[in-house]
Amino acid sequence: MKEVRVGLIGTGGMGKAHAAAFRNVPLVFGNEPARPVLDIVADLDEEALKTWASDFGFARYTTDWREIIADPAVDIVDITTPNHLHAEMAIAAAEAGKHIYCEKPLALTSADAKRIVDAVEKAGVITIVGFNYLKNPAQAFARRLIQDGELGEITLFRGTFDQDFMADPAVPFSWRLDRQLAGSGALGDLGSHTIGLAQFLVGDIVEVCGTTSTVIKERAIPGGGSGYAAKAASDAPLRAVENEDITEALVRFANGAIGTIGTSRVGTGRKLGLGYEIQGTKGSLFYTQERMNELQLYRHTDPVSERGYKTIYIGPEHPGYKAFFSLAGIGLGYNDQKIIEAHELMTAVAQGRPAYPDVRFAYGVNKVMDAIETSVGEKRWVAVSEFEAQ
Ligand SMILES: NC(=O)c1ccc[n+]([C@@H]2O[C@H](COP(=O)([O-])OP(=O)(O)OC[C@H]3O[C@@H](n4cnc5c(N)ncnc54)[C@H](O)[C@@H]3O)[C@@H](O)[C@H]2O)c1
């Protein structure tokens, strides 16, 4: 059994999800080909960090993330900090020869994402980026159906990611609304997952035309808490929101399919409204993350009298599920996707092979995001190739 030592940077919402995933990898998948060791964790507030490290079973902690990069004992640097820090941390990790687990969006711009790709490919390290929704066994199965031609030629992809966590105007300002720290708003935070799914299932997006809206233009400056848990006093001063609440884009794929990518962080009623409808000449698929254990499949080749969508419950025949349960329909949850993601990285590191989706895949998502933002700014269709190798 090989041990792979993890150095985690960031103990917010995603830091917790990553730590829980690594702890659960051996419980779900066993100790082979490698067992993660929660070695060292970094964040800014030393007192809170000390408790957090002990609660999650990390052997050591530091308030200086560069100590993790410089530590010869660390094999994987796991980056769960706000978006603006990903590039600096990932490049430093690659240059130190560390394997990398980084949250999405990989970088603020495709130019920064390319710098990460260059550093990673020069160092020859293994990477995975947190597009965890691709790890739902339903998605690998959907991709197999599409690649096997079961849907015929793909004609349309309509994808969404709507949530309503920012719909209440009383929710205070946070790093997600600060352009320098987050980049785009709903597009990078949520829509990057939809773009990832679109490119995983249908193929490369080559041209986009987008529009955006910022519904709530000012929010209270928080007095405590962070991330989703930030709180503000009722008389707190206001700060202008610097990125969009909603993005909608028309898209064209390299294979001729067309579609839409839509995302909102003020989408009332939508709690985890990541989903898609994919139509092809022989059939269609419908999926929503709010029912993540089900995939809807329609075959236009069925007898006319029997045509209609059917529900497929994910089970051991769908890649990634079998390690959890041997019967279909019992069901996985969000954190199980993270366990599958962490296991993919552990296995790739132990076997010395690439993990998926890696920083090059994530760079592709960043290019589409840049194209959409440029399209919004310049009010025109934009080719994704405009952001090639910048
Ligand atoms: N894959 C997903 O489903 C998903 C979901 C939510 C967030 N994310 C991504 O995860 C990342 C983090 O989001 P979050 O919701 O966990 O944010 P968060 O605000 O909850 O946590 C960020 C943490 O990073 C810490 N931090 C900031 N600067 C630091 C530094 N210099 N050194 C060490 N620690 C530092 C903060 O103190 C905080 O604890 C973002 O890139 C976000 O887009 C991904």
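Details of the structure are given in the entry above.
Q: It is not clear to me how the environment of Pro 354 should be interpreted in this structure. Could you clarify?
A: Inspection of the secondary structure puts Pro 354 in the loop between helix H9 (334–351) and helix H10 (359–378). On the basis of relative accessibility, which here comes to 61%, the residue Pro 354 falls in the exposed class. Residues contacting Pro 354, with those up to four places away along its chain left out, are Glu 344 and Ala 348.

Q: Would you take a moment to explain the site of the ligand for this structure?
A: Near the ligand lie 28 residues; those nearest to it are Met 14, Asp 43, Asn 83, Asn 132 and Tyr 334. A distance of 3.4 Å is found between an oxygen atom of the ligand and a backbone nitrogen or oxygen belonging to Gly 12. At a separation of 2.7 Å, a nitrogen atom of the ligand approaches a polar side-chain atom of Asn 132. Notes on the ligand: free accessible area 850 Å², of which the protein chains cover 88%. For the shell around the ligand, the secondary structure elements donating two or more residues are helix H1 (13–29), helix H8 (186–201) and H9.

Q: So what exactly am I meant to see when it comes to the pattern of salt bridges here?
A: Side chains that differ in charge, positive against negative, can pair when their charged atoms come close. Here the structure, examined in full by the defined rule, presents 25 salt bridges. Of the charged contacts in the structure, one is a salt bridge between Glu 344 and Arg 353, with a shortest N-O distance of 3.3 Å. One salt bridge connects Lys 367 with Glu 388, and the closest N-O pair in it is separated by 2.8 Å. In this pair, Lys 367 sits in helix H10 while Glu 388 sits in the segment after strand E17 (382–383), placing the two residues 21 residues apart along the sequence. Judged by relative accessible area, Lys 367 falls into the buried class, the value being 11%. Classification of Glu 388 as partly exposed rests on a relative accessible area of 44%.

Q: When you look at the sheet that holds E17 in this model, what are you seeing that I'm missing?
A: By definition, the strands of a sheet pair up through backbone hydrogen bonds, in either a parallel or an antiparallel sense. Strand order across the open sheet formed by nine strands is E16-E15-E14-E13-E7-E12-E11-E8-E17, with mixed pairing between neighbours. Looking at the sheet topology across the chains shown, the edges are occupied by strand E16 (310–313) and E17. Two strands pair when backbone bridges link them, and strand E14 (residues 283–288) and strand E15 (residues 294–299) are joined in this way by four bridges, in the antiparallel orientation. Bridged to Leu 285 within E15 is Leu 297. Packed onto the sheet, helix H6 (residues 137–147) meets strand E7 (154–162), strand E13 (273–280), E14, E15 and E16 and runs at close to 165° relative to E14. Contacts from H8 reach E7, strand E8 (205–213), strand E11 (246–253), strand E12 (258–264) and E13 within the one sheet, and its direction differs from that of E12 by about 150°.

Q: Where do I start with the environment of Ala 240 in this structure?
A: Residue position: Ala 240 is located in strand E10 (residues 238–240). For the pair Ala 240 and Leu 285, spaced 45 residues apart in sequence, the C-alpha separation works out to 40 Å. Setting aside residues up to four positions removed in sequence, Ala 240 forms contacts with Phe 173, Lys 217 and Glu 218.

Q: Is there a simple way to think about the sheet that holds strand E1 (residues 2–9) in this case?
A: Pairing is parallel in the open sheet, where six strands are placed in the order E3-E2-E1-E4-E5-E6. Looking at the sheet topology across the chains shown, the edges are occupied by strand E3 (60–62) and strand E6 (127–129). Strand-to-strand twist across the sheet, computed as the mean angle between neighbouring axes with direction ignored, equals 25°.

Q: Quick question: what am I supposed to make of unusual backbone geometry here?
A: Of the consecutive residues Lys 104 and Pro 105, the connecting peptide bond is found in the cis state with omega at -15°. As for its position among the elements, Pro 105 is in the loop between strand E5 (99–102) and helix H5 (110–123). Looking along the chain, the bond that leaves Tyr 356 and enters Pro 357 is cis, with omega of 0°. Within the secondary structure, Pro 357 sits in the loop between H9 and H10. Of note, the phi angle at Lys 379 is positive, near 50°, even though the residue is not glycine. Looking at the element boundaries, Lys 379 is found in the loop between H10 and E17.

Q: Would you mind going over the nonpolar core with me for this structure?
A: Within soluble globular proteins, side chains that are nonpolar tend to cluster in buried spots. Residues Ile 205, Tyr 276, Ile 278 and Leu 285 are the most contacted members of the largest nonpolar core, which totals 106 residues. With nine residues, H10 is the single largest residue contributor to this core. Split by domain, the residues of this core number at least three in each of domain 1 (2–131) and domain 2 (137–291 + 293–332 + 366–375). Residues within four places of Ile 205 in sequence aside, it is in contact with Ile 195, Ala 198, Gln 199, Val 251, Arg 252, Phe 253, Ile 261, Val 368 and Val 384. Of all hydrophobic cores here, the second largest spans six residues; its members include Met 166, Phe 173, Val 241 and Val 266.

Cut-offs and rules
Residues numbered from 1 in each chain as written. Predicted model: local features only at pLDDT ≥ 70, side-chain atom pairs only at ≥ 80, totals over all residues. Heavy atoms only, no water. Helix = DSSP H or I, 4+ residues; strand = E, 2+ residues; numbered from the N terminus. Buried < 20%, exposed > 50% of the residue type's maximum accessible area, 1.4 Å probe, protein only. Contact = heavy atoms within 4.5 Å. Near = heavy atom within 4 Å. Polar contact = N/O pair within 3.5 Å; in protein donor to acceptor, adjacent residues only side chain to side chain. Areas by Shrake-Rupley, 256 points an atom, 1.4 Å probe, with all protein chains shown as cover. Salt bridge = Lys/Arg side-chain N within 4 Å of Asp/Glu carboxyl O. Pairing = 2+ DSSP bridges. Axes fitted to C-alpha atoms, helices over the stretch in contact; angles between N-to-C directions. Core = buried A, V, L, I, M, F, W, Y, C linked by side-chain atoms within 4.5 Å. Domains from an automatic or database assignment.

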